[in-house]
Structure formats: C-alpha cells, structure tokens
Amino acid sequence: MFTRTIFSSDHEIFRQTVERFVAEHIAPFHAQWEKDGQVSRDLWRKAGDMGFLCTTLPEEYGGAGADFLYAAVIQEVMSWHNFSGPGFAVHSDIVAPYILEYGTEALRAEWLPRMARGEAIGAIAMTEPSAGSDVKELRATAVRDGDNYVINGQKVFITNGQLCDFVVLAAKTDQAAGAHGVSLILVEADRAGFEKGRNLEKIGYKAQDTSELFFQDVRVPVGNLIGAEGKGFVQLMEQLPQERLLQAIRSATSVEAALAWTLDYTTERKAFGRPIAEFQNTRFRLAEIKSKSVMMRVFIDRCLEMHQKSELSDIDAAMAKMLACELQSEVLDTCLQLHGGYGYMWEFPIARAFVDARMMRIAGGTGEIMREIIGRDLVRNRPNA
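Here goes a summary of the coordinates provided. Counting from 1, residues in each chain are numbered in the order their sequence is written. The model is predicted, so local features are restricted to residues of pLDDT at least 70 and side-chain atom pairs to those at 80 or more, both for listing and for counting; the totals for chains, interfaces and linings are taken over all residues. Note that water and hydrogens are dropped before the side-chain values are worked out from all heavy atoms of the structure.

1. Brief notes about the pattern of salt bridges
Part 1 of the argument: We count a salt bridge whenever a side-chain nitrogen from Lys or Arg sits within 4 Å of a carboxyl oxygen from Asp or Glu. Per the stated rule, a full pass over the model turns up 21 salt bridges.
Part 2 of the argument: The partner of Arg4 in a salt bridge is Glu76, and the shortest N-O contact between them spans 2.8 Å. Placement of the pair is Arg4 in the segment before α1 (9-25) and Glu76 in helix α4 (residues 68-80), with a sequence separation of 72 residues.
Part 3 of the argument: The partner of Glu330 in a salt bridge is Lys292, with the nearest N and O atoms 2.5 Å apart. With a gap of 38 residues between them, Glu330 in helix α9 (residues 314-339) and Lys292 in helix α8 (residues 280-308) connect regions that are remote in the sequence.
Part 4 of the argument: With a 1.4 Å probe rolled over the protein chains alone, any residue whose accessible area is under 20% of its type maximum counts as buried; one over 50% counts as exposed, and the rest are partly exposed. Using a relative accessible area of 39% as the deciding quantity, one classes Glu330 as partly exposed.
Part 5 of the argument: Overlapping salt bridges bring together Arg4, Glu12, Arg15, Glu76, Glu256, Arg297 and Asp301 as one network. Segments assigned H or I by DSSP are reported as helices when at least four residues long, segments assigned E as strands when at least two residues long, and all are numbered from the N terminus.

Spelled out as structure tokens, the structure:
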C-alpha cells in the first residue's frame, strides 16, 4: 500500500552495512552497557573507522560529504533495534554542525576530523538545573579576561557527558541581555576546573551516559568562541529543526518496530486455545497502530525531503517532533499491554522501548514547548492579522 521513495539504492546499501555493524558490534554488548551506564569507547572508534560518524561533514574535515539521508539511515537502524546507548546522533548531527557552520577554521581543523574518526567525542551543554527550555534564564557565565573567557556554572542531563572530550557550551557573555547575551563556546574536557559529575541514573536510555557538568573558573581562549558573542540563541534556534527531526525519525521508526514485535508475539502467543491475534480487540489495536504509523511515516519522510532542500522550518520540525514522540508513547503503551506480563520483563524489547520512549517527549523541547511554538506562530500569522 505504501512504499517509501525517499531513499536511493545507495542509501539502502548503506543501511545494510549499518545493520551488519550493529549486529556485530552493538547487539552482543548493549545489555552489558545498560548495566555499565555507558557504551565502550572502542565502539566510537570502530564507528569512525566505518564512516558512520559525521557522515555529512565535507571530506576535507574527515566526513563523507554525504546528504542528511545517510544520517537518517543510521538513526532508523538504531531505533529499529532499540539500541539507545551510542550517542552518535548528538555527536555527529547536533554538535558537529555547530562547529562546521559557526566555528573558526582553526576549530574545524582541530576537532571535526577527530570527531569523524571517533577519537574525540562531543556533547552539547545547554540545560541547567534551573533552565531547560528557557534559554534566557541560563546562569552559566563566560566573562572575558584578556585573551580568555572565565567560565562558571553547572549543566545537567548532558548526553555523552561522561565520555565527551569537549562540549559546546551555552553560557552568558552578557548577563544583562537575556537570550541575546548567550554565546556558544567550545570547552575541552581536560581544562582545569571542568569537572564531570555523576553519571545520572535514568529510568530509560540506560546505556547512554547522561551527566552533570561543573565549571569553576575554567579558562578557555577566546578563539574557542563559536560564532560571534551574543549569537548563541540564534545559532541554537537555527540548528534545533535538525535535532527535532532526528527525534521524530527515531520515534516514527520505534512505532514501526513495536508493531513488528507485537505482531510476532500476538500471532504466536495463545490464550483460550487460539492466538491472541485472532481476537477482534487485538486486530483492531494492530490495525489502528498500522494506520497511524503509515500516516506518520509519510509526514516524516516529507519533512526529510524538505530538510534536504533546507526548507524545513522550526514550526514544521516542532510539529514532527511533537506528533511522532507522542504517537510513540501511545503505541508502545498499547503494544506493551498486548504483550501482557511479558511486556513488563526487561528481556523483551518492548519493555526497554517503552521506558526509553518516555524521554522523547521531554528532550529537545517538551511537548508543551512544541505546542507553544506552533500556537504562537498560528496566532501571529493568522490570515488578515
């Protein structure tokens, strides 16, 4: 009924390569990484060797110069298997673009090739204990002192926080200017005064290191400024559509995977002498999930097409993120219910996917913030306004 057309044969060949890599280097170890609270450093280097990191970077910086669809393929494969540990997307498709688009040539030359090889792991440090979605309330400061910035503050919920070799830090360079006083600065993890706090214990995404970070009189050269002073908020807003599209891709794929797991389970599991799938209630639920998943896939693929042409707006991305993540939570709840007691067992993928999915409605902007972005635009741009 519905055949995807967005990916070329080259993309599909690449997908097969990623699938083989996942089967060999991630699947056998992910359960242990969930206990460890982070993936192995060696995995990053292996991914770099295969060209799976920073695929969209120009070749001069160590990337493949590929289009964003290759990054989407990696995201889909990881989501299909529900391997949430490797923070490849944050590193490759969120952190690297800030350096590429706004960083100096010196920063690009120093960090991007190492990121592509998996030798240097990047993180973005924006969220604080008292400021998440409201960037203007950030308390981290970067005060100019000669040829350096002196940084003080605290960050929380930072993906790749334990393993990172550097962070792209959002801090106030002008405390009186609100959001217009925010700047982005690259801070190396080995700088004196930069301390990685505990690896946070989460209900899901257990194999992904998520940390508190502390900065006490950390001195970094002014050359580590990414872009211009006071332009951090604008830069964040310009890059958020891609981040939210990545989340929507993951959620839409998770819905499809959950349907596949549940279809297998309900056709094999019997109750009252017949497969669960033969009960009308089960078929109705599966039919609803299938229909919603197809509608979501069409929408997300259209967003991908727009993003390829640089036409995806922040409003489009907010709608995609909000709807996909909320559908994911709805579907995984239904699918877990259809698994019965086994759906509550950690060994079943539906259980891990269920708790992982809850994060999606929070990270990258809550569902409430997405509604505010969309609703505000509607009111401001209503016809005849």
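Text resumes after the structure shown.
2. Points about the environment of Leu236
Part 1 of the argument: Relative to the helices and strands, Leu236 resides in helix α7 (residues 232-268).
Part 2 of the argument: Taking relative accessible area as the criterion, Leu236 reaches 2% and is therefore assigned buried.
Part 3 of the argument: Separated by 212 residues in sequence, Leu236 and Glu24 place their C-alpha atoms 36 Å apart.
Part 4 of the argument: Any two residues whose heavy atoms approach within 4.5 Å at even a single point are treated as in contact. Beyond its immediate stretch of four places on either side in the chain, Leu236 contacts Tyr98, Ile124, Met126, Val135 and Leu184.

Shape is all these values report; function is a separate question.
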